Amino acid sequence: MLKIKNIRNIIQSLGILFIVYLVIATFMGKGLNLHRLCPYSVVCFGVSSFIGKLSISPFMIVFAASSIILLLTLFLGRFFCGWLCPLGTIQEFLFKIGKKKKLSNQNKYDSFHRIMSKVKYLILLAHIVLAYNMVNYIFINKCPIIAVANFKLLGGIALNVILILLASLFIERFFCRYICPYAALMNIMQFIGKVLRIPRLKITVNKEACVDCKICNKSCPMQIDISKKAVINDPNCIICGRCKTACPKEDGISFKIKK
């Protein structure tokens, strides 16, 4: 029977292969606009760019897919981040390299983490305002996703991409934690779900089995203190299951539907 870790690795690998295909197709001029295929493009380009199209198009499909992801966030939390997002997978891989080279010690950055964790909400607000005022190109021309969507612009934003990738060597999922506005949007959806008392998939800790080794905390890519509580309500949890895999007790950590 496949373990959670193996299933997740397979899904993440398929996500990377899909992105590689899209990049190659874009490079070969197959008519794809990879930037518009990003789920966050609904906000990035503005909803108005998707409305009013009479025929089914890739843009409308993305609009529908993005809406489905956000709705599923009400019930599954940030499952998309932990299992499907290729950028998240790449950052995890880079962090492993940094860890092997002894570049990574996330405990050094606790104060930085507390301050920076709010930045993504400000970025989301700025994007919404820019899109509403039809000047969203100010952000689009700085977005790392467009580096693979339009190779002609790569030189102009290469520094952004390099900085994000370099930061991932020191802090796991740097972009996901502090910068990604789509993550902020999903966190807001979770807050709405909490207000509406919608049961959601959460990490739970069996306090009777717990030996307080804190291995779960060290394994968490989002730097959440898992060992402190029986139910993890932190909206930044990406439901990756790495804490469950790392736990020395078989019944120590599990996934459960909780309000």
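Model, not experiment: these values are computed from the prediction. (Residues numbered from 1 in each chain as written. Predicted model: local features only at pLDDT ≥ 70, side-chain atom pairs only at ≥ 80, totals over all residues. Heavy atoms only, no water.)

Engineer: Please clarify how the overall build of the protein chain should be interpreted in this entry.
Structural biologist: For the protein chain, the helix and strand inventory stands at 14 helices and two strands. Nonlocal contacts in the protein chain, meaning residues at least 24 apart in sequence, comprise 74% of its contacts between residues at least 6 apart. Of the roughly 14700 Å² of accessible surface on the protein chain, 69% is carried by carbon and sulfur atoms. (Helix = DSSP H or I, 4+ residues; strand = E, 2+ residues; numbered from the N terminus. Contact = heavy atoms within 4.5 Å. Areas by Shrake-Rupley, 256 points an atom, 1.4 Å probe, with all protein chains shown as cover.)

Engineer: Any chance you could explain the pairing of strand β1 (residues 200–205) here in plain terms?
Structural biologist: A regular strand places its side chains so that they alternate between the two faces of the sheet. Most of β1 is tucked away, with six of its six residues classed as buried. A two-sided burial pattern is seen for β1, the buried positions comprising Arg200, Lys202 and Thr204 on one face and Leu201, Ile203 and Val205 on the other. Two strands pair when backbone bridges link them, and β1 and strand β2 (residues 253–258) are joined in this way by six bridges, in the antiparallel orientation. Within β2, the position partnered with Val205 by the bridge is Ile253. (Buried < 20%, exposed > 50% of the residue type's maximum accessible area, 1.4 Å probe, protein only. Pairing = 2+ DSSP bridges.)

Engineer: Looking at this structure, I do not really get a positive patch on the surface. What am I missing?
Structural biologist: A surface patch of like charges, here positive, comprises Lys3, Lys5, Lys96 and Lys100. Structurally, the position occupied by Lys96 is in helix α5 (residues 86–100). (Patch = residues over 30% accessible without salt bridge, like charges linked within 9 Å, V, L, I, M, F, W, Y side chains within 5 Å. Salt bridge = Lys/Arg side-chain N within 4 Å of Asp/Glu carboxyl O. Lys, Arg positive; Asp, Glu negative; His and termini not counted. Charge placed at Lys NZ, Arg CZ, Asp CG, Glu CD.)

Engineer: Help me understand the nonpolar core in this model?
Structural biologist: Burial of nonpolar side chains together is a common tendency in soluble globular proteins. Judged by nonpolar contacts, the single largest core of 34 residues is most densely connected at Tyr182, Met186, Ile224, Ile226 and Ile253. Of all the secondary structure elements, the ones that give two or more residues to this core are α3 (58–76), α4 (79–83), α12 (181–195) and β1. Among the elements that line this core, the one with the most residues is α12, at six residues. Once residues lying within four places of it in the same chain are set aside, the contact partners of Met186 are Ile69, Leu70, Thr73, Arg78, Phe80 and Cys81. Core analysis: the second largest hydrophobic core is formed by five residues, Met116, Ala167, Phe174 and Tyr178 among them. (Core = buried A, V, L, I, M, F, W, Y, C linked by side-chain atoms within 4.5 Å.)

Engineer: How should I be thinking about the confidence of the model for the protein chain in this particular structure?
Structural biologist: Atomic detail in the predicted coordinates should be set aside for any region of low pLDDT. With 75% of its residues at a pLDDT of 70 or more, the protein chain has an overall mean of 82. In the model of the protein chain, helix α9 (residues 146–149) stands out as the element of lowest mean pLDDT, 57, in contrast to β1, which has the highest, 96. (pLDDT = per-residue confidence, 0-100.)

Engineer: I tried to follow the layout of surface pockets on my own but got confused; where do I start?
Structural biologist: For the second largest pocket, the calculated volume is near 1100 Å³. If you go around the second largest pocket, you meet 41 residues; those closest to its centre are Glu172, Asn217, Lys218, Ser219 and Cys220. Elements with a contribution of two residues or more to the lining of the second largest pocket: α1 (4–27), α5, α6 (110–116), α7 (119–132), α13 (215–219) and α14 (242–246). Looking at which element gives the most residues to the lining of the second largest pocket, the answer is α5, with six residues. Class assignment of the residues belonging to the lining of the second largest pocket gives a composition of 10 nonpolar, 16 polar and 15 charged. (1 Å grid on protein atoms, 1.4 Å probe; cavity = no way out; pocket = protein on both sides within 12 Å on 5 of 7 lines; lining within 4 Å. Points joined across faces, edges and corners; volume = space filled by probe spheres on them. Nonpolar A, V, L, I, M, F, W, Y, C, P; charged D, E, K, R; others polar.)

Engineer: What's the story with α12 in this structure? I'm lost.
Structural biologist: At 3.6 residues per turn, the α-helix brings residues three or four places apart onto the same side. The terminal C-alpha atoms of α12, which comprises 15 residues, lie 21 Å apart, in line with the 21 Å expected from a rise of 1.5 Å per residue. Within α12, the full set of buried residues consists of Pro181, Tyr182, Ala183, Ala184, Leu185, Met186, Asn187, Met189, Gln190 and Gly193. Just downstream of α12, Arg197 is the residue with a positive phi angle, here 60 degrees. (Expected span 1.5 Å × (residues − 1).)

Engineer: Is there a simple way to explain a nonpolar patch on the surface in this structure?
Structural biologist: Together, Ile188, Phe191, Ile192, Val195 and Leu196 make up a nonpolar patch on the protein surface, roughly 480 Å² of accessible area in all. Following the sequence through the fold, Ile188 ends up in helix α12.

Engineer: Would you mind showing me how to read the environment of Ile179 here?
Structural biologist: Take Ile179: it is sitting in helix α11 (residues 174–179). Taking the C-alpha atoms as reference points, Ile179 and Val119, separated by 60 residues in sequence, lie 6.4 Å from one another. Setting aside residues up to four positions removed in sequence, Ile179 forms contacts with Lys120, Ile123 and Phe174.

Engineer: So what exactly am I meant to see when it comes to the packing of aromatic side chains here?
Structural biologist: Given two aromatic rings, one states the distance between the centres and the angle between the planes to describe the pair. Evaluated as defined, the whole model comprises five aromatic pairs. Residues Phe80 and Tyr182 carry aromatic rings whose centres are separated by 6.0 Å and whose planes lie at 85 degrees to one another, so their mutual orientation is edge-to-face. Within this pair, whereas Phe80 is found in helix α4, its partner Tyr182 is found in helix α12, the two being separated by 102 residues in sequence. Judged by its relative accessible area of 16%, Phe80 falls in the buried class. You can call Tyr182 buried: its relative accessible area is 5%. Ring centres of Phe174 and Tyr178 lie 5.3 Å apart, and the angle between their planes is 75 degrees; on these two criteria the pair is classed as edge-to-face. Placement of the pair is Phe174 and Tyr178 together in helix α11, with a separation of four residues, close to one helical turn. Overall, Phe174 belongs to the buried group, its relative accessible area being 12%. Taken together, the aromatic side chains of Phe112, Phe174 and Tyr178 make up a single cluster linked through ring pairs. (Phe/Tyr/Trp six-rings, centres within 6.5 Å; stacked < 30°, edge-to-face > 60°.)

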